[in-house]
Amino acid sequence: MKLIKESIEGYKGYGVPYLMIRQEEASDRLAVMLPGAGYTNQAPLFHYATDIYLQKGYDVLNVNYRYNDDFYDDFSMEELSEAIRFDVAKVIGQVLAESSYKDFCLIGKSLGTIALASELQRPLFRDAAAIWLTPLIKRPDVFDAMLTLPNRALGFIGDEDRVYDAERWNEIKTNPQMTLRLVPGTEHSLEIPGKTLASIDIMKDIMAEIEKF
């Protein structure tokens, strides 16, 4: 694999690093990882998903924004949402300008699903696959994207997650392109607090679903 570390000037000039992991031979497939604010690309869901996509012959783009930095302390949720949309669009734009891909999968978690909902509007991603991990379905933009967009998609959320809304989750199920998995007992990391081995089993099941997807 070829590792390429770069950075762009993001929202209000703050740097946004990213990592491109390229196959040894040129690939026409790209997976884009959009983590949460505190749940990074090094955390289990993204670490193992990255491995799966690399094994399937994809190049992988890890967007490593740092919204827990002091720079963002005074940002409202509205401005933070604007920042992540801006930053992710700029990183993806730079990567796409330097490469030629035909097939795409975008994976977003929590805060990253705000950017995922926005990026799936990009004409190039009209046929992209999407994976929604603990999506912020109480937000209209995320909910509307999951409910209406035609992208083939897979979604996971825990019934103990603070962002879970049963009524909205069930409504999203009416989108025929969407396969949803409610994971009992799990919270926002898709783990069961205090039950390490059970959480590992859940992680294994999620990765099996992603690999099949």
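Check the entry above for the structure.
Residues numbered from 1 in each chain as written. Predicted model: local features only at pLDDT ≥ 70, side-chain atom pairs only at ≥ 80, totals over all residues. Heavy atoms only, no water.

*Asks:* What exactly am I supposed to notice about the pattern of salt bridges here?
*Replies:* Side-chain pairs of opposite charge can arise whenever the charged atoms involved come near each other. Scanning the model with the defined rule gives seven salt bridges in all. The shortest N-O distance in the salt bridge between Arg66 and Asp69 comes to 3.6 Å. Of the residues examined, Arg66 reaches a relative accessible area of 37% and is grouped as partly exposed. The exposure class of Asp69 is partly exposed, given its relative accessible area of 23%. Residue Glu119 pairs with Arg122 through a salt bridge whose shortest N-O separation is 2.8 Å. Owing to a relative accessible area of 3%, Glu119 belongs among the buried residues under this scheme. (Salt bridge = Lys/Arg side-chain N within 4 Å of Asp/Glu carboxyl O. Buried < 20%, exposed > 50% of the residue type's maximum accessible area, 1.4 Å probe, protein only.)

*Asks:* Would you take a moment to explain helix H3 (residues 112–119) for this structure?
*Replies:* Because each turn of an α-helix spans 3.6 residues, side chains separated by three or four positions in sequence point in the same direction. Within H3, seven of the eight residues are buried, which leaves it mostly tucked inside the rest of the structure. Along H3, the positions that sit buried rather than exposed are Gly112, Thr113, Ile114, Ala115, Leu116, Ala117 and Glu119. Elements that come into contact with the buried residues of H3 comprise strand E3 (29–34), helix H2 (77–97), strand E5 (103–109), strand E6 (129–133) and helix H4 (140–148). (Helix = DSSP H or I, 4+ residues; strand = E, 2+ residues; numbered from the N terminus. Contact = heavy atoms within 4.5 Å.)

*Asks:* Please clarify how the sheet that holds E6 should be interpreted in this entry.
*Replies:* By definition, the strands of a sheet pair up through backbone hydrogen bonds, in either a parallel or an antiparallel sense. The strand order across the open sheet built from eight strands is E1-E2-E4-E3-E5-E6-E7-E8, with neighbouring strands paired in mixed fashion. Taken across any chain shown, the strands that pair with only one partner, and hence form the sheet edges, are strand E1 (2–9) and strand E8 (178–183). Each neighbouring strand pair of the sheet contributes to a mean axis angle of 15°, computed without reference to strand direction. In this structure, E3 lies alongside E5, joined through six bridges in parallel fashion. The residue bridging Arg29 from the neighbouring strand is Asp103, located in E5. (Pairing = 2+ DSSP bridges. Axes fitted to C-alpha atoms, helices over the stretch in contact; angles between N-to-C directions.)

*Asks:* What should I look at first to understand the nonpolar core in this one?
*Replies:* What tends to happen in soluble globular proteins is that the nonpolar side chains get buried as a cluster. One finds Leu30, Leu61, Val63, Trp132 and Met146 to be the most contacted residues of the largest nonpolar core, which totals 50 residues. Tallying contributions element by element places H2 first for this core, with eight residues. Setting aside its immediate chain neighbours within four residues, Leu30 contacts Met20, Tyr58, Asp59, Val60, Leu61, Val95, Leu96, Tyr101, Asp103, Phe104 and Cys105. Among the nonpolar cores identified, the runner-up in size contains 28 residues, and Leu19, Ala129, Phe156 and Val183 belong to it. (Core = buried A, V, L, I, M, F, W, Y, C linked by side-chain atoms within 4.5 Å.)

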